[in-house]
Amino acid sequence: MFEAKMKESGEILLSGRFDASQVEQASQVLDKINDSCNINFAELDYISSAGLGILLKTQKRLSDSGAKLKLTNMNKHIKDVFQYAGFDTIFEIE
Amino acid sequence: MVKYSKESASDISIDIAKKNSTLVVTMIDFDVDPFDLTKAKEVDVKAHLEDRKVGGLGIHLTKQMVDKIDYEYKNRQSKITFMLNLENKNV
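Residues numbered from 1 in each chain as written. Chains lettered and ligands numbered in written order. Predicted model: local features only at pLDDT ≥ 70, side-chain atom pairs only at ≥ 80, totals over all residues. Heavy atoms only, no water.

> If you had to explain unusual backbone geometry to someone new, which residues and values would you point to?
Residue and element names in this part refer to chain A. The phi angle at Asn73 is positive, at roughly 60°, despite the residue not being glycine. When you line up the elements, Asn73 lands in the loop between strand E4 (69-72) and helix H3 (76-84). Relative accessible area serves as the criterion here: at 44%, Asn73 is assigned to the partly exposed category. (Helix = DSSP H or I, 4+ residues; strand = E, 2+ residues; numbered from the N terminus. Buried < 20%, exposed > 50% of the residue type's maximum accessible area, 1.4 Å probe, protein only.)

Following this line, the structure appears as structure tokens:
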């Protein structure tokens, strides 16, 4: 089960398991981001390489206008995945 | 296998076993063309954002997380074996 929800504050909350089958759903939310934005991972249990790909695509698109994503509240496993992928140097992670 | 071997309608065989302190996961895809993931091009994870390409991370992450990967191809069967030493690992 996965959900990507944009809150009133503009923060995006991810929950559940972000795998290849959820890419389309996630894209519908992430493609609407046009400015710097926080993505809260507090309720996300798992992310696959497909999920990482969507985040990278979003970050690259935003960087064209000087904007960026800030990723918050990752669990240890997801933080490790980001390190393995070298994403800890191309995303701001809190 | 599920995403990239669409030409095959066969089920994929997955076997998970523990041999001494090693977790061995074997996946077999039937009636497919070969793809040796052990020879896949490496992703440059140190590249700057503007040079990073989308894609290729699945194989990279797998290589980071397991201790050994074997690939065999015979009679249109593609067999991938992952091995992970469970000692001192929080799995």
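Moving on from the coordinates now.
> Just give me the short version of the interface of chain B and chain A, but keep the residues and values in it.
Taken together, the contact pairs 15 residues of chain B with 14 residues of chain A. Here chain B meets chain A over a buried area of about 1,200 Å², counting both sides, of which 73% is carbon and sulfur. Three residues stand out in chain B for area buried against chain A, namely Leu49(B), Arg52(B) and Val54(B), and they jointly supply 44% of the buried area on that side. Inspection of the region where chain B meets chain A yields zero salt bridges. At the junction of chain B and chain A, the tally comes to five residue pairs in polar contact (both at pLDDT 80 or more). Residue composition of the side of chain B that touches chain A, grouped by class: seven nonpolar, four polar and four charged. (Contact = heavy atoms within 4.5 Å. Buried area = accessible area lost by both parts, 1.4 Å probe. Salt bridge = Lys/Arg side-chain N within 4 Å of Asp/Glu carboxyl O. Polar contact = N/O pair within 3.5 Å; in protein donor to acceptor, adjacent residues only side chain to side chain. Nonpolar A, V, L, I, M, F, W, Y, C, P; charged D, E, K, R; others polar.)

> So what's going on with the environment of Phe87(A)? Which residues, and what values?
Position of Phe87(A) relative to the elements: it lies in the loop between H3 and strand E5 (92-93). Each C-alpha atom, one on Phe87(A) and one on Leu69(A), is 12 Å from the other, the two residues being 18 residues apart in sequence. Each residue touching Phe87(A), except ones within four places of it in the same chain, is listed here: Leu52(A), Leu56(A), Phe82(A), Ile93(A), Arg52(B) and Leu57(B).

> Explain the sheet that holds E5(A) to me, and be specific about the residues and the numbers.
Residue and element names in this part refer to chain A. Judged by pairing direction, the sheet is mixed, and its five strands sit side by side in the order E1-E2-E3-E4-E5 without closing on themselves. Taken across any chain shown, the strands that pair with only one partner, and hence form the sheet edges, are strand E1 (2-6) and E5. Direction of pairing for strand E2 (residues 12-18) relative to strand E3 (residues 37-47): parallel, over a ladder of six bridges. Its bridge partner lying in E3, Arg17 is registered against Tyr46. The strands touched by helix H1 (residues 23-30) are E1, E2 and E3; relative to E1, the strand with the most contacts, the crossing angle is about 5°. Packing of H3 onto the sheet brings it into contact with E3, E4 and E5, and relative to E3 it is tilted by some 110°. (Pairing = 2+ DSSP bridges. Axes fitted to C-alpha atoms, helices over the stretch in contact; angles between N-to-C directions.)

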